[in-house]
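Chain residues, written in single-letter form:
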Amino acid sequence: NLLPAPPKLVGRDDVVEDVTQRLEEAGTMISFTGTAGVGKSTCAESTARKFFERKPESRFVWILQAETEASLRESYLQILSEFKAAIDLKEHPSTQDVASRVAKVLGSKSLEWLLLFDNVPDDGPARFRNWFFPSARDLGTGRIIFTTRSSRLEDDVLFERTYVHRVALEPLCVEDGAKVLVMNQADPVQRELEAGRELTQRLNGLPLALSIVRKVAREQYGVQRPLSAYLEEHQQGAGDPDTEDEISRVLAQPFAFIEKHDGVDSTAHLLASVLPCFAPDQLPMRLLRLCANGDVKAVRRLEVLGILQPEATVDVLDDSEEEFYSIHRLLQESARGRMQVNVAHAVEKMAEAMSVFRAGDSATWKAMAHLVSHTSHLYDMVRQTKAENGETEYTKVVDLLCDGVLSNTGEYFRVTFDLQSAMKWCSVTLEMQRSVYGLD
């Protein structure tokens, strides 16, 4: 489930080559660690693609969303679905049981496999260990890559005498940062290179921030010397390039750009205002299009500005392909702080997206699987915004959330025999209804 084309990398070639070479040995586990926005996922995905392309006829690579137990469990189930391998969910298997089933299925194939666990929780391996393979024997001919901000995912922290090799990614040097900033310029003039170097120093070489600057500058100032114009405008009042405030200001710029140039009534602004309501990964184009009131150009607008990043294309409904997107967690946090989050619109459009689900029609289940992974985030946002909305408005949102989202989520898990999850969402629905209407 890799992207059709590898992401562009600058300053990481040696790291990717070294790790890819290590992965030639079966049982190898690698963790990419570093601060948020340093490029862990991009580097890991480039490594995974390079590993795959060396023997594409005999290798299997899959990216798993490991930020929460629910998202990782769903990723495991996707692998089982890919191989048409069943697991009896009626027996209430734990996430680790599902992981063990994945290991057995992969081990039964004549494949060299690599699993990329993206965004392992930052609080260390304690929780994650319960979601992972129960034994080092499950690795077999496999390889593992992790990405995490935690420096503790290393050595024998997961299994005795089986080691995770940690690769700590550092910010880009000045010259590599400048290359990122002039990436789309065919023949950058010296003034642009100098601006690129100064901006890299101010942003501490953080790849995510540099990428945002490049895209916003190009949109705002055009193709003729955009970095010089950007730097000139932002000279006054600029903070220390090593401070978090400077980077936070840059991460807020795509949203400020939309407000200024598209307007707060635009579909691009409307779409940006709902992104904090969903999980940051595996955002289906159909859901994004609904949130933008059918305006595909709004989705492309957010992609051009670096807010949305394309993910792999997947078959979901009637053998039709669906585009998927993600938003970096730092950008999602920036949107939450910068914009007035439109929770009511997010609930309405998620309910509309889920309306195609039919319990008796298994052809609709795969599309639904990519929606239920966002239910927890949406539910949490509704609960958090109770105090911000009047009682009447909150009641309307809760009614639609329960009828159109939570109940459908519970029904999906029921018909797919994940009865543990079905019971959870049934209880959550009743609890939320009682919070509004009382016990009766």
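From a predicted model like this one, the values you see are computed outputs, not experimental measurements.

Got a minute to help me understand the pairing of strand β5 (residues 155-159) in this structure?
In regular strands, side chains alternate between the two faces of the sheet. Here β5 pairs with strand β6 (residues 162-168) via two bridges, running antiparallel. What sits directly across from D155, in β6, is V164. Hairpin connection of β5 to β6: two residues between the antiparallel strands, including R161 at a positive phi of 60°.

When you look at the packing of aromatic side chains in this model, what are you seeing that I'm missing?
Each pair of aromatic rings is reported with the distance of its centres and the angle of its planes. Under the criterion given, the structure shown has 16 aromatic pairs. Relative to F83, the ring of F60 lies with its centre 4.9 Å away and its plane at 55°, an arrangement referred to as tilted. One end of the pair, F60, is in strand β2 (residues 59-65); the other, F83, is in the loop between α3 (69-82) and α4 (95-107), and 23 residues separate them in sequence. Here F60 falls in the buried class, since its relative accessible area comes to 10%.

So what exactly am I meant to see when it comes to the pairing of strand β1 (residues 29-33) here?
Most of β1 is tucked away, with five of its five residues classed as buried. Because side chains alternate across β1, one face comprises the buried residues M29, S31 and T33, and the other comprises I30 and F32, equally buried. Examined bridge by bridge, β1 and strand β4 (residues 143-148) share five bridges and lie parallel to one another. Residue pairing across strands places F32 opposite T147, the latter belonging to β4. Here five bridges tie β1 to β6, and the two strands are oriented parallel to one another. By the bridge assignment for β6, F32 is matched with V167.

For this particular structure, what's the right way to read the sheet that holds strand β8 (residues 309-310)?
Reading across from one edge, β7-β11-β8 is the order of the three strands in this open sheet, with antiparallel pairing throughout. Each end of this open sheet is capped by a strand with a single partner; those strands are β7 (283-284) and β8. Where β8 and strand β11 (residues 324-326) come together, two bridges link them in antiparallel fashion. Within the sheet, the bridge partner assigned to P310 lies in β11 and is Y325.

Would you mind showing me how to read the sheet that holds β6 here?
Overall, mixed pairing links the six strands, which are arranged β2-β3-β4-β1-β6-β5 in an open sheet. Lying at the two open borders of the sheet, with one neighbouring strand each, are β2 and β5. For this sheet, the mean inter-axis angle between neighbouring strands, taken without regard to orientation, is 25°.

Can you help me understand the confidence of the model for the protein chain in this one?
Close inspection of predicted coordinates is inappropriate for parts of the model with low pLDDT. Confidence in the prediction for the protein chain averages 88 pLDDT; 93% of positions are at 70 or higher. Per-element mean pLDDT across the protein chain ranges from 54 in strand β9 (residues 314-317) up to 97 in helix α11 (residues 267-272).

Can you help me understand the environment of S421 in this one?
One can find S421 in helix α19 (residues 419-437). Spatially, the C-alpha atoms of S421 and L288 are 25 Å apart, while their sequence positions differ by 133 residues.

Basis of the calculations
- Residues numbered from 1 in each chain as written.
- Predicted model: local features only at pLDDT ≥ 70, side-chain atom pairs only at ≥ 80, totals over all residues.
- Heavy atoms only, no water.
- Pairing = 2+ DSSP bridges.
- Helix = DSSP H or I, 4+ residues; strand = E, 2+ residues; numbered from the N terminus.
- Phe/Tyr/Trp six-rings, centres within 6.5 Å; stacked < 30°, edge-to-face > 60°.
- Buried < 20%, exposed > 50% of the residue type's maximum accessible area, 1.4 Å probe, protein only.
- Axes fitted to C-alpha atoms, helices over the stretch in contact; angles between N-to-C directions.
- pLDDT = per-residue confidence, 0-100.

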